[in-house]
Amino acid sequence: MTQVLAIGTFNDTEAAALTEAFGCRVLAEVDGLGGLDQAVRDAVTAVAFKGHQGFGAAEMAQLPGLKLLANYGVGYDSIDVAAASAQGITVTNTPDVLNDDVADLAIALWLMQGREMQQAADWVRSGNWAGEGAFGLSRKLSGSKVGVVGLGRIGREIAERLAAFKCEVHYHSRSQKQTPGWAYHADPVALASAVDFLFIALVGGPETEGYVSKEVISALGPRGVIVNISRGSTVDETAMLDALEAGELAGAALDVFVNEPQIDPRFLALPNVVIQPHQGSATHDTRAAMARLQRDNIAAHLAGAALLTPVN
Ligand code: NAP
């Protein structure tokens, strides 16, 4: 009986690769676990997991022999890692292979919001350019004051791209990092006060919930723009919406939201907000690399070798 079970929103290519490599079954949802025979569940030592449905102690308890929970994605906030550790289960993720794509999207969102590219494209498509004339002026971005909250793998890639745009780079992390002269702020409010554009690259999960608080948003001020590619939970979304509607924040450029994909409809009415449907790592190349790294972790587990990217 197969030791590997795949659970989640795998596309056909990913599911076929998992089946070919491990002869595993693919369940679309975590809820499907209860429908498996006890003997099938007992045989499982590794799960390939993809998606944002929660995988907690209750799900782990249904797989008594589970030793590896291999997540597709660098963010593993949908997995209860403490519960996994308590049950002797190692969690792996897929770091680094997606850094470039996520950082690229952050920069694209920044440019799209600041240069009003969506509105300008609409101006052309609607016939206004030919009918009414030029679109109007937007905001210069190169050389501006920018801040990154969370100078981890992706945050650093964003900061390096912003430096190439001749920006004055500031950042906040829990500890100061080795950087090429970027300004460190121990406090996120101090960071927000010093910049006009705030890029969020924190991990998600309960520890960083609302980290970009009402106070941080207020310190960013009416010329400020939030660019978030991390998780919706890292920003106090209600405070951000209130500030955007009141003109106390100039704009937002967002790939991630609380309660995705049923996002707060208040976002849709705001002309100063640009949005993407959680596309950070969504290129063919990067998704293939993420799927490969997930499979490589499972193969290492089955071979009794060291896991490539454990998180606990
Ligand atoms: P990373 O290298 O682990 O960096 C995460 C950052 O979060 C670090 O700067 C770290 O701060 C900070 N952090 C962690 N725990 C914290 C806490 N309790 N309080 C305050 N700060 C904390 O992760 P990464 O690879 O850059 O990925 C970052 C996140 O991006 C992922 O977790 C995921 O949620 C998100 N992501 C989104 C997409 C997308 O499609 N939009 C794609 C991939 C990833 P220190 O520097 O102080 O350690």
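A brief structural summary. Remember, predicted model here, so these are calculated numbers, not experimental data. (Residues numbered from 1 in each chain as written. Predicted model: local features only at pLDDT ≥ 70, side-chain atom pairs only at ≥ 80, totals over all residues. Heavy atoms only, no water.)

### A word on the site of the ligand
Then comes step 1: Not every one of the 28 residues close to the ligand is listed here, only the nearest: Arg 153, Ile 154, Arg 174, Lys 177 and Asp 255.
Then comes step 2: The separation between an oxygen atom of the ligand and a polar side-chain atom of Lys 177 is 2.8 Å.
Then comes step 3: Protein coverage of the free-state accessible area of the ligand, which is 940 Å², stands at 87%.
Then comes step 4: Looking at the shell around the ligand residue by residue, the class counts come to eleven nonpolar, eleven polar and six charged. (Near = heavy atom within 4 Å. Polar contact = N/O pair within 3.5 Å; in protein donor to acceptor, adjacent residues only side chain to side chain. Areas by Shrake-Rupley, 256 points an atom, 1.4 Å probe, with all protein chains shown as cover. Nonpolar A, V, L, I, M, F, W, Y, C, P; charged D, E, K, R; others polar.)

### Overview of the sheet that holds strand S12 (residues 273-275)
Then comes step 1: The parallel open sheet is built from seven strands, whose spatial order is S8-S7-S6-S9-S10-S11-S12. Both edges of this open sheet fall to strand S8 (183-184) and S12, since each of them pairs with a single strand only.
Then comes step 2: The pairing of strand S7 (residues 168-172) with S8 spans two bridges and is classified as parallel. Among the inter-strand pairings, Tyr 171 is bridged to a residue of S8, identified as Tyr 184.
Then comes step 3: Most of the contacts of helix H8 (residues 153-164) go to strand S6 (residues 145-149), to which it runs at about 170°, and overall it touches S6, S7 and strand S9 (197-200).
Then comes step 4: On top of the sheet, helix H11 (residues 237-246) reaches strand S10 (225-228), strand S11 (251-254) and S12; it is set at about 135° to S11, its chief contact. (Pairing = 2+ DSSP bridges. Helix = DSSP H or I, 4+ residues; strand = E, 2+ residues; numbered from the N terminus. Contact = heavy atoms within 4.5 Å. Axes fitted to C-alpha atoms, helices over the stretch in contact; angles between N-to-C directions.)

### Remarks on the sheet that holds strand S3 (residues 46-50)
Then comes step 1: Read across the open sheet, the five strands follow the order S2-S1-S3-S4-S5; overall the sheet is parallel. Each edge of the sheet is formed by a strand with only one pairing partner; in this case those strands are strand S2 (25-27) and strand S5 (90-92). Strand after strand, the sheet turns through a mean of 20° between neighbouring axes, direction not considered.
Then comes step 2: Of the pairings in the sheet, the one linking strand S1 (residues 4-8) to S2 comprises three bridges and is parallel in character. Paired with Ile 7 across the strands is Leu 27, a residue of S2.
Then comes step 3: Against the sheet, helix H12 (residues 284-303) makes contact with S1, S3, strand S4 (68-71) and S5, and its axis sits at roughly 165° relative to S4, the strand it touches most.

### Description of the side chain of Arg 41
Then comes step 1: Positionally, Arg 41 belongs in helix H2 (residues 38-43).
Then comes step 2: Buried and without a salt bridge, Arg 41 has Asp 42 as its closest oppositely charged side chain, separated by 6.1 Å.
Then comes step 3: For Arg 41, the side chain forms a polar contact with the main-chain oxygen of Gln 62, separated by 3.5 Å.
Then comes step 4: Once you skip the residues sitting within four places of it in the chain, Arg 41 turns out to touch Leu 33, Gly 34, Leu 36, Gln 62, Leu 63 and Pro 64. (Buried < 20%, exposed > 50% of the residue type's maximum accessible area, 1.4 Å probe, protein only. Lys, Arg positive; Asp, Glu negative; His and termini not counted. Salt bridge = Lys/Arg side-chain N within 4 Å of Asp/Glu carboxyl O.)

### A short note on the nonpolar core
Then comes step 1: Core analysis: the biggest nonpolar cluster contains 45 residues, and Trp 110, Val 148, Ile 158, Leu 162, Phe 199 and Ile 298 have the highest contact counts within it.
Then comes step 2: At eight residues, the largest contribution of residues to this core is made by helix H5 (residues 99-114).
Then comes step 3: Those residues within four positions of Phe 199 in sequence are excluded, and the remaining contacts are Ala 106, Trp 110, Val 146, Gly 147, Val 148, Val 149, Ile 158, Leu 162 and Val 227.
Then comes step 4: Counting residues in each nonpolar core, the second largest holds 26 residues, with Leu 198, Ala 239, Ala 243 and Phe 257 among its members. (Core = buried A, V, L, I, M, F, W, Y, C linked by side-chain atoms within 4.5 Å.)

### Brief notes about unusual backbone geometry
Then comes step 1: Residues Glu 260 and Pro 261 are joined by a peptide bond in cis, for which omega reads -5°.
Then comes step 2: Looking at the secondary structure, you find Pro 261 in the loop between S11 and S12.
Then comes step 3: Despite not being glycine, Asp 96 has its phi angle at roughly 70°, a positive value.
Then comes step 4: Turning to its location among the elements, Asp 96 is positioned in the loop between S5 and H5.

### Here we look at the layout of surface pockets
Then comes step 1: Each pocket or cavity is described by its volume, and for the second largest pocket that value is around 310 Å³.
Then comes step 2: Both domain 1 (4-97 + 284-303) and domain 2 (99-275) contribute no fewer than three residues apiece to the lining of the second largest pocket. (1 Å grid on protein atoms, 1.4 Å probe; cavity = no way out; pocket = protein on both sides within 12 Å on 5 of 7 lines; lining within 4 Å. Points joined across faces, edges and corners; volume = space filled by probe spheres on them. Domains from an automatic or database assignment.)

### Re H11
Then comes step 1: The set of residues buried in H11 consists of Glu 237, Ala 239, Met 240, Leu 241, Ala 243 and Leu 244.
Then comes step 2: Considering only its buried residues, H11 is in contact with helix H10 (214-220), S10, S11 and S12.
Then comes step 3: One side-chain oxygen of the residue at the start of H11 lies 3.4 Å from the amide nitrogen of Thr 238, identifying that residue as Asp 236.
Then comes step 4: Following H11 by one or two positions, Gly 247 has its phi on the positive side, about 75°.

### Some words on the pattern of salt bridges
Then comes step 1: Counted according to the given criterion, the structure contains seven salt bridges.
Then comes step 2: For Lys 50, the salt bridge is made with Glu 14, and the minimal N-O distance between the two is 2.8 Å. Of this pair, Lys 50 sits in strand S3 while Glu 14 sits in helix H1 (residues 12-22), and the two are 36 residues apart along the sequence.
Then comes step 3: Classification of Lys 50 by relative accessible area gives buried; the value is 12%.
Then comes step 4: Note that Arg 161 is salt-bridged to Asp 104, the shortest N-O span being 2.8 Å.

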